[in-house]
Amino acid sequence: MGLKLYGTPSSPITGRVLLSLHEKELNFEYVPVDLLACEHKQPNFLAKHPFGQTPALEDGDLTLFGKLVKIILLLFLHKTVIQEILDCSIDACLPIESRAITAYLAEKYKNTGYHLTRHQNPKEAALVKVWTEVESQSFNPAIHPIYYQYFVAPLYGKSPDRTVMDAYLEKLEKVLDVYEAKLSETKYLAGDFYSLADLHNITYIHYLMKTPYDGVITERPHVNAWWDDISSRPASMKVAEDLTLGD
(Lines give C-alpha, C1' and ligand atoms only; values in the text may rest on other atoms or scores of the structure.)
Protein backbone atom coordinates (compact mmCIF):
# COMPACT_ATOMS: atom_id res chain seq x y z
CA MET A 1 0.00 0.00 0.00
CA GLY A 2 1.28 3.43 -0.93
CA LEU A 3 0.41 6.97 0.07
CA LYS A 4 -3.22 7.97 -0.24
CA LEU A 5 -4.54 11.45 0.54
CA TYR A 6 -8.21 12.17 1.18
CA GLY A 7 -9.08 15.83 0.87
CA THR A 8 -10.84 18.68 -0.87
CA PRO A 9 -8.96 20.19 -3.84
CA SER A 10 -10.04 23.79 -3.20
CA SER A 11 -9.27 23.67 0.53
CA PRO A 12 -6.16 25.53 1.71
CA ILE A 13 -5.83 22.90 4.43
CA THR A 14 -5.67 20.00 2.00
CA GLY A 15 -3.49 22.17 -0.23
CA ARG A 16 -0.91 22.45 2.53
CA VAL A 17 -0.48 18.66 2.55
CA LEU A 18 -0.45 18.51 -1.24
CA LEU A 19 2.38 21.04 -1.27
CA SER A 20 4.44 18.76 0.94
CA LEU A 21 3.74 15.72 -1.20
CA HIS A 22 4.78 17.55 -4.36
CA GLU A 23 7.87 19.13 -2.77
CA LYS A 24 8.95 15.66 -1.64
CA GLU A 25 8.28 14.35 -5.18
CA LEU A 26 6.23 11.48 -3.79
CA ASN A 27 3.86 9.24 -5.68
CA PHE A 28 0.44 9.18 -4.08
CA GLU A 29 -3.20 8.54 -4.81
CA TYR A 30 -5.48 11.50 -4.32
CA VAL A 31 -9.09 10.84 -3.30
CA PRO A 32 -11.30 13.96 -3.47
CA VAL A 33 -13.86 14.36 -0.68
CA ASP A 34 -16.91 16.53 -1.38
CA LEU A 35 -17.59 18.53 1.78
CA LEU A 36 -20.74 20.18 0.47
CA ALA A 37 -22.19 16.73 -0.15
CA CYS A 38 -21.11 15.71 3.38
CA GLU A 39 -19.01 12.82 2.07
CA HIS A 40 -16.70 13.33 5.06
CA LYS A 41 -19.58 12.33 7.37
CA GLN A 42 -20.27 9.00 5.66
CA PRO A 43 -19.39 5.73 7.46
CA ASN A 44 -16.67 4.71 5.01
CA PHE A 45 -14.83 7.98 5.58
CA LEU A 46 -15.44 8.05 9.33
CA ALA A 47 -13.65 4.71 9.47
CA LYS A 48 -10.53 6.55 8.33
CA HIS A 49 -11.11 9.79 10.22
CA PRO A 50 -13.18 9.50 13.41
CA PHE A 51 -13.86 13.24 13.51
CA GLY A 52 -15.21 13.28 9.95
CA GLN A 53 -12.86 15.99 8.71
CA THR A 54 -10.24 16.40 6.00
CA PRO A 55 -7.46 15.88 5.16
CA ALA A 56 -6.56 12.30 5.99
CA LEU A 57 -3.39 10.56 4.88
CA GLU A 58 -2.80 6.82 4.60
CA ASP A 59 0.75 5.53 4.43
CA GLY A 60 0.59 1.76 4.44
CA ASP A 61 -0.99 0.74 7.73
CA LEU A 62 -0.62 4.24 9.21
CA THR A 63 -3.45 6.77 9.01
CA LEU A 64 -2.92 10.40 9.97
CA PHE A 65 -5.70 12.94 10.04
CA GLY A 66 -6.14 16.66 10.42
CA LYS A 67 -8.41 17.81 13.23
CA LEU A 68 -10.00 21.26 13.36
CA VAL A 69 -11.34 23.51 16.06
CA LYS A 70 -14.54 25.54 15.78
CA ILE A 71 -13.78 29.26 16.05
CA ILE A 72 -15.69 32.20 17.46
CA LEU A 73 -16.26 33.37 13.90
CA LEU A 74 -19.38 31.22 13.85
CA LEU A 75 -21.04 33.73 16.16
CA PHE A 76 -21.18 36.19 13.29
CA LEU A 77 -23.35 33.90 11.19
CA HIS A 78 -27.08 33.35 11.13
CA LYS A 79 -28.11 30.49 13.45
CA THR A 80 -29.42 28.40 10.52
CA VAL A 81 -26.07 28.67 8.76
CA ILE A 82 -24.30 27.83 12.01
CA GLN A 83 -26.22 24.59 12.32
CA GLU A 84 -25.47 23.63 8.71
CA ILE A 85 -21.78 24.20 9.31
CA LEU A 86 -21.73 22.32 12.59
CA ASP A 87 -23.53 19.43 10.91
CA CYS A 88 -21.49 19.21 7.75
CA SER A 89 -18.74 21.68 6.83
CA ILE A 90 -15.21 21.95 8.19
CA ASP A 91 -13.90 25.16 6.69
CA ALA A 92 -15.45 27.25 9.46
CA CYS A 93 -12.76 25.78 11.66
CA LEU A 94 -9.11 26.40 12.35
CA PRO A 95 -6.81 23.58 11.19
CA ILE A 96 -4.47 22.46 13.92
CA GLU A 97 -3.12 19.11 12.76
CA SER A 98 -2.54 19.21 9.00
CA ARG A 99 0.93 20.44 9.96
CA ALA A 100 1.51 17.13 11.73
CA ILE A 101 0.98 15.44 8.38
CA THR A 102 3.41 17.74 6.57
CA ALA A 103 6.00 17.23 9.31
CA TYR A 104 5.60 13.46 9.04
CA LEU A 105 6.11 13.53 5.29
CA ALA A 106 9.13 15.83 5.62
CA GLU A 107 10.78 13.60 8.23
CA LYS A 108 9.98 10.13 6.88
CA TYR A 109 10.86 11.06 3.31
CA LYS A 110 13.73 13.40 4.17
CA ASN A 111 15.97 11.80 1.54
CA THR A 112 13.43 12.34 -1.23
CA GLY A 113 12.73 15.59 -3.05
CA TYR A 114 13.30 18.94 -1.39
CA HIS A 115 14.43 18.91 2.24
CA LEU A 116 11.88 20.87 4.25
CA THR A 117 13.01 20.53 7.89
CA ARG A 118 16.82 21.01 7.73
CA HIS A 119 17.30 18.20 10.23
CA GLN A 120 21.00 17.91 9.35
CA ASN A 121 21.66 21.31 10.96
CA PRO A 122 20.28 21.63 14.52
CA LYS A 123 20.30 25.43 14.45
CA GLU A 124 18.45 25.62 11.14
CA ALA A 125 16.04 22.87 12.20
CA ALA A 126 15.23 24.81 15.37
CA LEU A 127 14.51 27.97 13.38
CA VAL A 128 12.20 26.03 11.07
CA LYS A 129 10.24 24.86 14.11
CA VAL A 130 10.08 28.38 15.55
CA TRP A 131 8.70 29.90 12.37
CA THR A 132 6.27 27.07 11.75
CA GLU A 133 4.89 27.88 15.20
CA VAL A 134 4.65 31.55 14.27
CA GLU A 135 2.59 30.60 11.22
CA SER A 136 0.39 28.26 13.23
CA GLN A 137 -0.18 30.44 16.28
CA SER A 138 -0.11 33.97 14.83
CA PHE A 139 -0.47 34.07 11.04
CA ASN A 140 -3.13 31.42 10.54
CA PRO A 141 -5.56 32.60 13.25
CA ALA A 142 -5.47 36.06 11.66
CA ILE A 143 -5.86 35.09 8.01
CA HIS A 144 -8.29 32.17 8.32
CA PRO A 145 -11.35 34.29 9.29
CA ILE A 146 -10.73 36.54 6.28
CA TYR A 147 -10.56 33.50 4.00
CA TYR A 148 -13.67 32.05 5.59
CA GLN A 149 -15.78 35.20 5.31
CA TYR A 150 -14.73 35.94 1.74
CA PHE A 151 -14.78 32.46 0.20
CA VAL A 152 -16.71 30.03 2.39
CA ALA A 153 -19.60 31.98 3.92
CA PRO A 154 -21.05 32.73 0.43
CA LEU A 155 -21.27 28.97 -0.18
CA TYR A 156 -23.87 28.95 2.59
CA GLY A 157 -25.77 31.97 1.29
CA LYS A 158 -24.14 34.47 3.64
CA SER A 159 -22.54 37.73 2.52
CA PRO A 160 -18.98 38.36 3.72
CA ASP A 161 -18.94 40.38 6.93
CA ARG A 162 -16.61 43.31 6.30
CA THR A 163 -16.50 44.17 10.00
CA VAL A 164 -15.09 40.74 10.77
CA MET A 165 -12.61 40.89 7.91
CA ASP A 166 -11.40 44.37 8.88
CA ALA A 167 -10.87 43.29 12.47
CA TYR A 168 -8.78 40.30 11.47
CA LEU A 169 -6.97 42.28 8.81
CA GLU A 170 -5.59 44.48 11.57
CA LYS A 171 -4.27 41.39 13.33
CA LEU A 172 -2.84 40.05 10.07
CA GLU A 173 -1.00 43.27 9.34
CA LYS A 174 0.78 43.06 12.68
CA VAL A 175 1.97 39.56 11.85
CA LEU A 176 3.08 40.64 8.39
CA ASP A 177 5.05 43.50 9.92
CA VAL A 178 7.02 40.86 11.81
CA TYR A 179 7.43 38.89 8.57
CA GLU A 180 8.63 42.01 6.78
CA ALA A 181 11.30 42.67 9.40
CA LYS A 182 12.51 39.06 9.32
CA LEU A 183 12.51 38.88 5.53
CA SER A 184 14.61 42.02 5.35
CA GLU A 185 17.35 39.94 6.99
CA THR A 186 16.91 36.52 5.38
CA LYS A 187 15.43 35.30 2.10
CA TYR A 188 12.96 32.98 3.80
CA LEU A 189 11.37 32.91 7.23
CA ALA A 190 13.73 30.46 8.91
CA GLY A 191 16.84 31.57 7.03
CA ASP A 192 18.23 31.63 3.52
CA PHE A 193 16.52 28.35 2.68
CA TYR A 194 12.95 27.37 1.85
CA SER A 195 11.28 25.17 4.46
CA LEU A 196 8.00 24.08 6.02
CA ALA A 197 7.93 27.49 7.72
CA ASP A 198 7.33 29.08 4.31
CA LEU A 199 5.26 26.27 2.79
CA HIS A 200 2.59 26.44 5.49
CA ASN A 201 1.72 30.02 4.52
CA ILE A 202 1.21 29.49 0.80
CA THR A 203 -2.36 28.34 0.33
CA TYR A 204 -3.96 30.97 2.53
CA ILE A 205 -1.94 33.78 0.94
CA HIS A 206 -2.98 32.43 -2.45
CA TYR A 207 -6.60 33.07 -1.48
CA LEU A 208 -5.80 36.39 0.17
CA MET A 209 -4.34 37.61 -3.13
CA LYS A 210 -7.79 37.14 -4.72
CA THR A 211 -9.38 39.61 -2.29
CA PRO A 212 -9.32 43.41 -2.01
CA TYR A 213 -6.89 42.89 0.88
CA ASP A 214 -3.97 41.80 -1.31
CA GLY A 215 -2.24 45.11 -0.59
CA VAL A 216 -1.13 43.84 2.82
CA ILE A 217 1.24 41.60 0.84
CA THR A 218 2.19 43.83 -2.10
CA GLU A 219 2.79 46.93 0.01
CA ARG A 220 5.48 45.20 2.07
CA PRO A 221 8.44 44.85 -0.32
CA HIS A 222 10.21 41.97 1.40
CA VAL A 223 6.99 40.06 2.03
CA ASN A 224 5.97 40.63 -1.58
CA ALA A 225 9.32 39.39 -2.92
CA TRP A 226 9.09 36.35 -0.65
CA TRP A 227 5.56 35.65 -1.88
CA ASP A 228 6.61 35.94 -5.51
CA ASP A 229 9.37 33.44 -4.81
CA ILE A 230 7.45 30.79 -2.87
CA SER A 231 4.32 31.00 -5.05
CA SER A 232 6.34 30.40 -8.21
CA ARG A 233 7.80 27.08 -7.08
CA PRO A 234 6.61 24.18 -9.28
CA ALA A 235 4.79 22.53 -6.36
CA SER A 236 3.04 25.80 -5.49
CA MET A 237 1.88 26.39 -9.05
CA LYS A 238 0.60 22.83 -9.33
CA VAL A 239 -1.46 23.06 -6.12
CA ALA A 240 -2.72 26.54 -7.05
CA GLU A 241 -4.50 25.03 -10.05
CA ASP A 242 -7.05 23.51 -7.66
CA LEU A 243 -7.40 26.47 -5.29
CA THR A 244 -10.34 27.79 -7.29
CA LEU A 245 -12.76 29.24 -4.76
CA GLY A 246 -13.70 32.72 -5.90
CA ASP A 247 -12.66 32.14 -9.53
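Remember, predicted model here, so these are calculated numbers, not experimental data.

The rules behind these values
- Residues numbered from 1 in each chain as written.
- Predicted model: local features only at pLDDT ≥ 70, side-chain atom pairs only at ≥ 80, totals over all residues.
- Heavy atoms only, no water.
- Core = buried A, V, L, I, M, F, W, Y, C linked by side-chain atoms within 4.5 Å.
- Buried < 20%, exposed > 50% of the residue type's maximum accessible area, 1.4 Å probe, protein only.
- Helix = DSSP H or I, 4+ residues; strand = E, 2+ residues; numbered from the N terminus.
- Domains from an automatic or database assignment.
- Contact = heavy atoms within 4.5 Å.
- Polar contact = N/O pair within 3.5 Å; in protein donor to acceptor, adjacent residues only side chain to side chain.
- Axes fitted to C-alpha atoms, helices over the stretch in contact; angles between N-to-C directions.
- Parallel < 35°, antiparallel > 145°, perpendicular 65-115°, else oblique.
- Pairing = 2+ DSSP bridges.
- Right-handed = clockwise from strand over helix to strand, strands pointing away.
- Expected span 1.5 Å × (residues − 1).
- Salt bridge = Lys/Arg side-chain N within 4 Å of Asp/Glu carboxyl O.
- pLDDT = per-residue confidence, 0-100.
- Left-handed = near helix turned anticlockwise from the far one by under 90°.
- Nonpolar A, V, L, I, M, F, W, Y, C, P; charged D, E, K, R; others polar.

### Digging into the nonpolar core
Generally speaking, nonpolar side chains in soluble globular proteins are found buried as a group. With 60 residues, the main nonpolar core has Leu 105, Phe 139, Leu 172, Tyr 179 and Trp 226 as its most contacted residues. Residue contributions to this core peak at 10 residues, all from helix α5 (residues 122-152). Taken domain by domain, this core gets at least three of its residues from each of domain 1 (3-109) and domain 2 (122-241). The residues contacting Leu 105, other than those within four sequence positions of it, are Leu 3, Val 17, Ser 20, Leu 21, Lys 24, Leu 26, Leu 57 and Lys 110.

### Re the side chain of Thr 211
Structurally, Thr 211 can be placed in the loop between α8 (202-208) and α9 (215-218). Overall, the relative accessible area of 6% leaves Thr 211 in the buried class. Only 3.0 Å separates the side chain of Thr 211 from the backbone nitrogen of Tyr 213, close enough to count as a polar contact.

### Some details on the packing of helix α6 (residues 162-183) against helix α10 (residues 221-231)
At their nearest, the axes of α6 and α10 sit 7 Å apart, and the two run at 80 degrees to each other. Here α6 is positioned roughly perpendicular relative to α10, judged by the angle of their axes. Between α6 and α10, the contacting residues are Leu 176, Tyr 179, Glu 180 and Leu 183 on the first element and Pro 221, His 222, Val 223 and Trp 226 on the second.

### Considerations on the pairing of strand β1 (residues 3-7)
For β1, a buried count of 4 out of 5 residues is recorded, marking the element as mostly surrounded by other parts of the structure. As paired strands, β1 and strand β2 (residues 28-32) are joined by 5 bridges and run parallel to one another. In the strand pairing of β2, Tyr 6 is matched with Val 31. Regarding the hand of the β-α-β motif, the stretch spanning β1, helix α1 (residues 12-23) and β2 is right-handed.

### Things to note about α1
For an α-helix, the turn length of 3.6 residues means that residues three or four places apart are oriented alike. The terminal C-alpha atoms of α1 lie 16 Å apart, and with 12 residues this matches the ideal 16 Å at 1.5 Å per residue to within 8%. For α1, a buried count of 11 out of 12 residues is recorded, marking the element as mostly surrounded by other parts of the structure. Listed as buried for α1 are Pro 12, Ile 13, Thr 14, Gly 15, Arg 16, Val 17, Leu 18, Leu 19, Ser 20, Leu 21 and Glu 23. Just downstream of α1, Glu 25 is the residue with a positive phi angle, here 55 degrees.

### Thoughts on the pattern of salt bridges
The final tally for this structure, using the stated rule, is 10 salt bridges. A salt bridge links Lys 4 to Glu 29, with the nearest nitrogen and oxygen atoms 3.7 Å apart. You can see Lys 4 sitting in strand β1 and its partner Glu 29 sitting in strand β2, a full 25 residues away along the chain. A relative accessible area of 23% means that Lys 4 is categorised as partly exposed. Given the relative accessible area of 44%, Glu 29 is considered partly exposed.

### Side note on the confidence of the model for the protein
For the protein, mean pLDDT is 83; residues scoring 70 or higher make up 77% of the total. Every residue in residues 67-96 is under pLDDT 50, and counting partners more than four places away or in other chains gives 79 contacts.

### Remarks on unusual backbone geometry
Leave glycine aside and you will find that most residues have negative phi; peptide bonds, for their part, are mostly trans. Despite not being glycine, Glu 25 shows a phi value in the positive range, around 55 degrees. You can call Glu 25 exposed: its relative accessible area is 61%. Positive phi outside glycine occurs at Arg 118, with the angle close to 60 degrees. Relative accessible area serves as the criterion here: at 18%, Arg 118 is assigned to the buried category.

### A look at the environment of Leu 199
Tracing the backbone shows Leu 199 in helix α7 (residues 196-199). Accessibility expressed as a relative area gives 0% for Leu 199, which makes it buried. Separated by 97 residues in the primary sequence, Leu 199 and Thr 102 have C-alpha atoms spaced 9.5 Å apart. Excluding residues that lie within four positions of it along the chain, Leu 199 makes contacts with Arg 16, Leu 19, Ser 20, Glu 23, Leu 116 and Tyr 194.

### So, the packing of α5 against α6
Running from N to C, α5 and α6 cross one another at 150 degrees; their axes reach a closest spacing of 9 Å. Taken together, the axis directions place α5 and α6 in an arrangement best described as roughly antiparallel. Both α5 and α6 take part in a crossing whose hand is left-handed. In this structure, α5 uses Trp 131, Val 134, Glu 135, Ser 138, Phe 139, Pro 141, Ala 142, Ile 143, Pro 145, Ile 146, Gln 149 and Tyr 150 to contact α6, whose residues at the interface are Val 164, Met 165, Tyr 168, Leu 169, Lys 171, Leu 172, Val 175, Leu 176, Val 178, Tyr 179 and Lys 182. The class makeup of the residues in the contact of α5 with α6 is 18 nonpolar, 2 polar and 3 charged.

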